[in-house]
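Per-entry structural report
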Amino acid sequence: MNLRLRSLARHWPTLAPVLAAVVLALTWGRSLPTGMVVLVSCCLAAAVLSAVHHAEVIAHRVGEPFGSLVLAIAVTIIEVALIVTLMADGGDKSSTLARDTVFAAVMITCNGIVGLSLLVGALKRRVAVFNAEGTGAAFGTVATLAGLSLVLPTFTTSTPGPRFSPAQLVFAAVAALILYGLFVATQTVRHRDYFLPVTAEGDVIDADDHADPPSARAALTSLGLLAVALIAVVGLAKGVSPTIESGVAAAGLPASVVGVVIALLVLLPETIAAVRAARRDRVQTSLNLGLGSAMASIGLTIPAVAVASVWLEGPLVLGLGATHMVLLALTVVVGTLTVIPGRATPLQGGVHLSLLAAYIVLAVSP
């Protein structure tokens, strides 16, 4: 019995994505009773944990900042596919789905993942240390992408409502792709050292010294299992969304709460990976995950929905309302003040988490 338990514990990262994918295939497009919702939720949690495990294996093999980039892009590509699929289903909510999902991702990553990582890192070492040059470049790119894609549509006049005209939408999509491509080139080629973890004295840590890197075969296996796990996470999250919607409606909460819950589920693998990195004194890796996910969410989602809008019916609303623009402005100001010193105390982490809490409270009670 003990041998079986040990074998299961050793192979669960391989079994969990496969099991979650099987459950997804069996439950896709079906109305789930309460018992099945519980089972799907358990498989969802297992898929999240296995995704984190395989992402860490890949990151250990390829090193930073490539490891953070792999997880951020993988999650975002699947998230984009989910958004386009839901928009294709139509409905009254589809016009604002891309905006709500992208903004939720920005708030969760820039305030939730970043704040939690700074808090964990600072509590462990009194001060969380990171590279201000790389983090500042990432945060500046996120702020620019968010402003161009989510704020400008509220003030344009070519098209009624907080929407871009076709020409403006093309510009926003091309600008998002170019900025994201420039950042990836900066992060991985020209200034890779700006995005590597640093010691308390500011010395760059260019390698993980706690274990030998996995083999190429093990890394490729983890890459495949990571893709399966992430597909299962997003698919199962969509599967339980009707239950979440029913619960939200029964509680008398706004429909936007559903988007927040789904975004939290989809970004859970990155959140866990970021916190683990912060506990190992790799706060820069945590910030790479958080800001990289925010950037990928905007840089890939806006071009994707711009292309999809050619055949999708209904308007595409991207402009934020006044309340959300205030929260975004506060996030940009606070984030800038956090990044400049290259060091953070638990206070900075708490400030970012308070902004996330404000976003969630206002989503529940606008």
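Please refer to the structure higher up on the page.
Counting starts from 1 at the beginning of each chain's written sequence and moves along it residue by residue. Only residues with pLDDT of at least 70 get local features here, since the model is predicted, and only at 80 or more are side-chain atom pairs given and counted; chain-wide, interface and lining totals rely on the full set of residues. Each side-chain value is worked out from all heavy atoms of the structure, with water and hydrogens disregarded.

A look at the packing of aromatic side chains
Inclusion rule: Any pair of Phe, Tyr and Trp rings, taking the six-membered ring for Trp, is counted once the centres come within 6.5 Å. Such a pair is stacked with planes under 30 degrees apart, edge-to-face with planes over 60 apart, and tilted for the rest. Helix numbers and strand numbers start at the N terminus; a helix is a DSSP run of H or I with at least 4 residues, a strand a run of E with at least 2. Remark: exposure states derive from per-residue accessible area (1.4 Å probe, protein chains only) relative to the maximum for the residue type, with buried under 20%, exposed over 50%, and partly exposed in between.
Within the structure shown, the criterion is met by two aromatic pairs. Measuring from ring centre to ring centre gives 5.5 Å for F103 and Y359, while their planes differ by 80 degrees; the resulting arrangement is edge-to-face. Of the two residues, F103 sits in helix α4 (residues 94-125) while Y359 sits in helix α12 (residues 346-364), which places them 256 residues apart along the sequence. Geometrically, the ring pair formed by F183 and F195 is edge-to-face, given 5.5 Å between the ring centres and 85 degrees between the ring planes. Of this pair, F183 sits in helix α6 (residues 166-190) while F195 sits in the loop between α6 and α7 (216-250), and the two are 12 residues apart along the sequence. Among the residues examined, F195 registers a relative accessible area of 1% and is labelled buried.

Topic: the nonpolar core
Applied cut-off: Working definition of a nonpolar core: buried Ala, Val, Leu, Ile, Met, Phe, Trp, Tyr and Cys residues. They are joined through side-chain atoms within 4.5 Å.
Counting 60 residues, the largest nonpolar core has F103, C110, L118, Y180, M295, I298 and Y359 as its most contacted members. Where this core is concerned, the elements lending two or more residues are α3 (66-88), α4, α5 (132-155), α6, α8 (256-266), α10 (283-308), α11 (322-339) and α12. Grouped together as the second largest cluster of nonpolar side chains are 14 residues, V37, L44, A47 and V233 included.

So, α6
Threshold: One less than the number of residues in a helix, times 1.5 Å, gives the span that helix is expected to have.
With 25 residues, α6 should cover 36 Å at 1.5 Å per step; its first-to-last C-alpha distance of 34 Å lies within 8% of that length. L169, A172, A173, A175, A176, Y180, F183, V184, Q187 and T188 are the residues of α6 that are buried.

A few points about the environment of I340
Among the secondary structure elements, I340 is positioned in the loop between α11 and β2 (343-344). Spatially, the C-alpha atom of I340 lies 8.3 Å from that of E133, the residues being 207 residues apart in sequence.

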